[in-house]
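Secondary and tertiary structure notes
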There are 2 protein chains.
Amino acid sequence: MRLTLDNINPNVRRAEYAVRGELAVKSEEFRARLAKGDKWLPFDHVISANIGNPQQLDQKPITFFRQVCSLLENPDLLKNESALVDSLGYKPDVLDRAKWLLKQVGSVGAYSASSGVPAIKESVAKFLERRDGFPADPAHIYLSAGASSGVNTLLNVICGDKTAGVLVPIPQYPLYTATLALLNATCVPYNLDESKAWGTDLETIKKSHQKAKDAGVDVRCIVIINPGNPTGASLAEEDVRAVLEFAREQNLVVMADEVYQTNVFVGKFHSFKGVLRKMQQERPGQYDGLELVSLHSISKGMVGECGHRGGYFELVNFDAEVEANIYKFVSIMLCASVIGQCLVELMVNPPQPGEPSFELYDKEFNGIHAGLHERAVALHRAFAQMEGVECAEPQGAMYLFPTIHLPQKAIDAAAAEGRPADEFYCLRLLEQTGICVVPGSGFGQAEGTLHFRTTFLAPGTEWVGSIVKFHKEFLDKYR
Amino acid sequence: MRLTLDNINPNVRRAEYAVRGELAVKSEEFRARLAKGDKWLPFDHVISANIGNPQQLDQKPITFFRQVCSLLENPDLLKNESALVDSLGYKPDVLDRAKWLLKQVGSVGAYSASSGVPAIKESVAKFLERRDGFPADPAHIYLSAGASSGVNTLLNVICGDKTAGVLVPIPQYPLYTATLALLNATCVPYNLDESKAWGTDLETIKKSHQKAKDAGVDVRCIVIINPGNPTGASLAEEDVRAVLEFAREQNLVVMADEVYQTNVFVGKFHSFKGVLRKMQQERPGQYDGLELVSLHSISKGMVGECGHRGGYFELVNFDAEVEANIYKFVSIMLCASVIGQCLVELMVNPPQPGEPSFELYDKEFNGIHAGLHERAVALHRAFAQMEGVECAEPQGAMYLFPTIHLPQKAIDAAAAEGRPADEFYCLRLLEQTGICVVPGSGFGQAEGTLHFRTTFLAPGTEWVGSIVKFHKEFLDKYR
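None of these values were measured; they are calculated from a predicted model.

Our next topic: the UniProt feature "domain: Aminotransferase class I/classII large" (unreviewed entry) in chain A. As recorded in UniProt, the sites labelled "domain: Aminotransferase class I/classII large" (unreviewed entry) are residues 103-461 of chain A. Helix makes up 42% of residues 103-461 of chain A and strand 16%, and the two end C-alpha atoms of the span are 46 Å apart.

Given below as structure tokens:
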């Protein structure tokens, strides 16, 4: 063997990605055993609450989106419009949109320009203008294979080596730490404030930043996930302002991961771009050198099209030569999936009131939003009743991230297995109930605390009951 | 500004990717000007012969594939089978395949397992067994976003830093040099033999390898592109054997880029996996430690579904712990586009004789193959007539890579512009004819030689005439 654990890229070896780690692999093994008729497990189906994957958990895709996609995949269908309309229920605006998109992309089987189909970038720019009330330039919009691919691009350009540091919230979505590990760059963690529903605390950020600077790290960027993953927190405008002001003072690029921007239950989503433009208006010239990149995705929200790998990022105030290098980087992987790009167009430019498909679209969109909120509240209520469990009120995203207090005996038993106590807890939960969640250690957590992340996507309430029951038995066993 | 050309990741800055570089960007600008009605250009359309993008150049997708995809995107269509069959001409096997795939993936909008949908990996394994006559294990097959993403994964795992070297053919597809630059690993170039239709020459490979070893490089891997890109060469079995034998002797991982395996006009494609298994049978135990990864894609061949970003790679003889790290690496980007994965399934498991969709599939597949061969021959014939141009007979892939001998005055004029002479030539070709090709320097070429790469995908022969005319005028100008 040429390659062994000892001689492969040590950065790859060091990277960790718990969302799809040991527990996820084990849950897939259970699923396969059940599918083959295995009767020996103490549950009859696996619930993947470890990953925000709505359509795996029976969320139905938005009809308008998929009708358009079916025509993009097989444009020959458009040769028989009457069959589409009369027999298959396609509305005229579905046909119109498909024809328009086909005109823009040629074929969804052809590579697009590296940064995406120009007309789709224009649709994204118009969406951003409507959302923020400020102009957006398609030239600075890049269509990507989900937000993950955008994050990968940007961190690759920003970080050269160990001396480059990036401020990352803790807990965080592990894409950030994993990518920084692959680049052998320095993750500069800053704790979110659990006592303030996982909001950002500027004093904490400042301390982490200073500590890294003192250690000789060239801190270049601050990552903000808003609404939060895994926490579900949704930032107030003043929090967004505080981060931007700090970034200006310290000369940091702001990376705003805003993939959950429509998954907000409490208050209102404040985009970093919108707030930055307001601050630029209020204090002209002060923020023109502040680089912001904001990312969005078709995987989350009410769209939930994870499997299609679509998303975009917008660059604000970037140097032209730096942007040329970002363009070159994305061109090496050629382009994002073109059907995924088309879904981005549909997401940012959905049917409008008065259009034939609007009524159904609106009903589906609101139905999904209400369903998510309902399940978040039900799950939160269950956690509130569980001994030794505390959980912030659900504000947004697709996740809850409760604190769990475990008895010393459980912590000792975990140590005897060589596992962190939260991982031990989550593994037992999976083995006994078939429910897969992710231990807090997979996202990072303040020292001495234990958590797990669960999505609230799974339909029904039976599985919530299973968690409550498991938790009680677990505590009784180790009390 | 926080980020400038001087402080971004120097590896990104160093990477080069000519296929989508300056000429490609310029050609897109010309295309946009023409679309806006610009009458000042000396041509009325742009021909993108710089990139293997069949469907951009009017290659029609395979009907069976796209009919299935339309049902995967909108499964509601299956509620009205009679309309599909009677009014829209869908055959029963289209419906059956879509239902089977939907059963396997759930929804194409859901993330799949990180390495791909298990049933699709099984289809790939069966295809490999039929192709090679040897068993294939789905556990070692990884579905990827095109072959590019697979190459990126593997080079990331294989190469830690500057000391790690990879043997790369020259000329090569620049994905390899670009990715090695991003990893700050060492590219160890070996020249292909233009006098033997761009085949591999073992003595040349040995010399390059020895030279790198002498310089202290830890050479870990040899890349072979077969059939060749940009050269179109198709290796004989004895050449494949020679590379495998050399890799065994020198303890190198073999990376076989076989994305053009069905684009073969002369002789027969010999897969590295098939040949390795034969050698293992002939000399039991001798090759069990030889790691091979072979890559394939839906972008090329008669499928041509570049925009869908689908592909796979198969690992042979890899250490289990190393493979676990490959799995972890792919999991960070979650999964490849699921509709792209489904197209992989359709590619490896197309309609069979006797099935309702076979006749049309077979006609389309053979029609595309014959059309490509015809155009390759026509283009080759045109090059044969051009003064100072030499071109190997087209054997496979989608490209010709002619040598061009340019007058000293042209070389001087290029130098005055600060450009390599081949780039100067290709830029003038684009400006005067609208035809975009890639200079040989974008792929690497033996010192003192000049080439360009052109696809033979564009329909018609008019554009070939334009190249001939341009070339004559160019020579006359600089003679």
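From this point, the discussion proceeds with the structure in view.
The next point concerns the sheet that holds strand S10 (residues 399-400) of chain A. Residues and elements named next belong to chain A. The strand order across the open sheet built from three strands is S10-S14-S13, with neighbouring strands paired in antiparallel fashion. Unpaired on one side and paired on the other, S10 and strand S13 (438-439) mark the two borders of the sheet. Pairing of S13 with strand S14 (residues 452-455), which is carried by two bridges, proceeds in the antiparallel orientation. The residue of S14 that forms the bridge with Val438 is Arg453.

What follows concerns the relation of the copies chain A and chain B. Look at the two chain copies: a rotation about an axis and a shift along it is all it takes to match them. After a rotation of 180 degrees and a shift along the axis of 0.0 Å, chain A superposes on chain B with an RMSD of 0.0 Å. One copy is carried onto the other by what is essentially a two-fold rotation axis. Considering only C-alpha atoms, the residue of chain A closest to the rotation axis is Ser70(A), which sits at 2.0 Å. Both copies share a contact surface, since 100% of the interface residues of chain A are interface residues in chain B too.

Counting 278 residues, the largest nonpolar core has Met255(A) and Met255(B) as the members making the most contacts within it. In this structure, Met255(A) is in contact with Val151(A), Leu154(A), Leu155(A), Ile158(A), Tyr176(A), Cys221(A), Ile222(A), Val223(A), Ile224(A), Val293(A) and Leu295(A), ignoring residues within four places of it in sequence.

Here the focus is the domain arrangement of chain A. As a measure of interface size, the accessible area lost when the parts come together is often cited. Splitting chain A by domain gives domain 1 (10-58 + 364-478), domain 2 (63-109) and domain 3 (111-348). Of note, the centres of domain 1 of chain A and domain 2 of chain A, computed from C-alpha atoms alone, are 40 Å apart.

We now examine the sheet that holds strand S3 (residues 164-170) of chain B. Residues and elements named next belong to chain B. Overall, mixed pairing links the seven strands, which are arranged S2-S8-S7-S6-S5-S3-S4 in an open sheet. Since the sheet does not close on itself, it has two edges, and those belong to strand S2 (141-144) and strand S4 (186-191), each with one partner. Strand-to-strand, the axes of this sheet are offset by a mean angle of 20 degrees, without reference to chain direction. Sheet topology note: the S3/strand S5 (residues 218-225) ladder contains four bridges and is parallel. Residue Leu167 lies in a different strand from S5, and its bridge partner there is Ile222.

Under the criterion given, the structure shown has 34 aromatic pairs over all chains. Seen from their ring centres, Phe383(A) and Phe452(A) are 5.7 Å apart, and the 80 degrees between their planes marks the pair as edge-to-face. Here Phe383(A), found in helix H14 (residues 358-385), pairs with Phe452(A), found in strand S14; they are 69 residues apart in sequence, far enough to count as distant. Exposure class is identical for Phe383(A) and Phe452(A). Each is buried. Geometrically, the ring pair formed by Phe64(B) and Phe65(B) is edge-to-face, given 6.5 Å between the ring centres and 65 degrees between the ring planes. As far as burial versus exposure is concerned, Phe64(B) and Phe65(B) are alike and both buried. Through pairs of rings, three or more aromatic residues link up here, namely Phe383(A), Phe424(A), Tyr425(A), Phe452(A), Phe470(A), Phe474(A) and Tyr478(A).

All names here are of chain A. Going from Asn226 to Pro227, the amide bond is cis rather than trans, its omega being -10 degrees. Here Pro227 lies in the loop between strand S5 (218-225) and helix H10 (237-250). A positive phi is found at Asn251, a non-glycine position, where the angle reads about 60 degrees. Turning to its location among the elements, Asn251 is positioned in the loop between H10 and strand S6 (253-257). A relative accessible area of 35% places Asn251 in the partly exposed class. Of note, the phi angle at Arg309 is positive, near 50 degrees, even though the residue is not glycine. Note on placement: Arg309 falls in the loop between strand S7 (292-297) and strand S8 (311-316).

Turning our eyes to something else, we now look at helix H6 (residues 118-132) of chain A. Each α-helix turn comprises 3.6 residues. Residues three or four places apart therefore point the same way. Residues and elements named next belong to chain A. The terminal C-alpha atoms of H6, which comprises 15 residues, lie 21 Å apart, in line with the 21 Å expected from a rise of 1.5 Å per residue. Looking at the buried side of H6, the elements it contacts are helix H5 (92-105), strand S2 (141-144), helix H11 (272-282), S7, S8 and helix H13 (338-348). One or two steps after H6, the chain reaches Gly133, where phi turns positive at roughly 75 degrees.

Our next topic: the pattern of salt bridges. All names here are of chain A. Applying the stated criterion to the full structure yields 60 salt bridges over all chains. In this structure, Lys26 engages Glu431 in a salt bridge whose closest nitrogen and oxygen atoms are separated by 3.7 Å. Residue Lys26 is located in helix H2 (residues 22-35), and its partner Glu431 is located in helix H16 (residues 421-433); the two are separated by 405 residues in the primary sequence. The network of salt bridges with shared partners includes Glu22, Lys26, Glu417, Arg419, Glu423, Arg428 and Glu431.

What counts as what
Residues numbered from 1 in each chain as written. Chains lettered and ligands numbered in written order. Predicted model: local features only at pLDDT ≥ 70, side-chain atom pairs only at ≥ 80, totals over all residues. Heavy atoms only, no water. UniProt positions renumbered as here; feature names shortened; annotations may be inferred. Helix = DSSP H or I, 4+ residues; strand = E, 2+ residues; numbered from the N terminus. Pairing = 2+ DSSP bridges. Least-squares fit on C-alpha atoms with pLDDT ≥ 70 in both. Contact = heavy atoms within 4.5 Å. Core = buried A, V, L, I, M, F, W, Y, C linked by side-chain atoms within 4.5 Å. Buried < 20%, exposed > 50% of the residue type's maximum accessible area, 1.4 Å probe, protein only. Domains from an automatic or database assignment. Axes fitted to C-alpha atoms, helices over the stretch in contact; angles between N-to-C directions. Phe/Tyr/Trp six-rings, centres within 6.5 Å; stacked < 30°, edge-to-face > 60°. Expected span 1.5 Å × (residues − 1). Salt bridge = Lys/Arg side-chain N within 4 Å of Asp/Glu carboxyl O.

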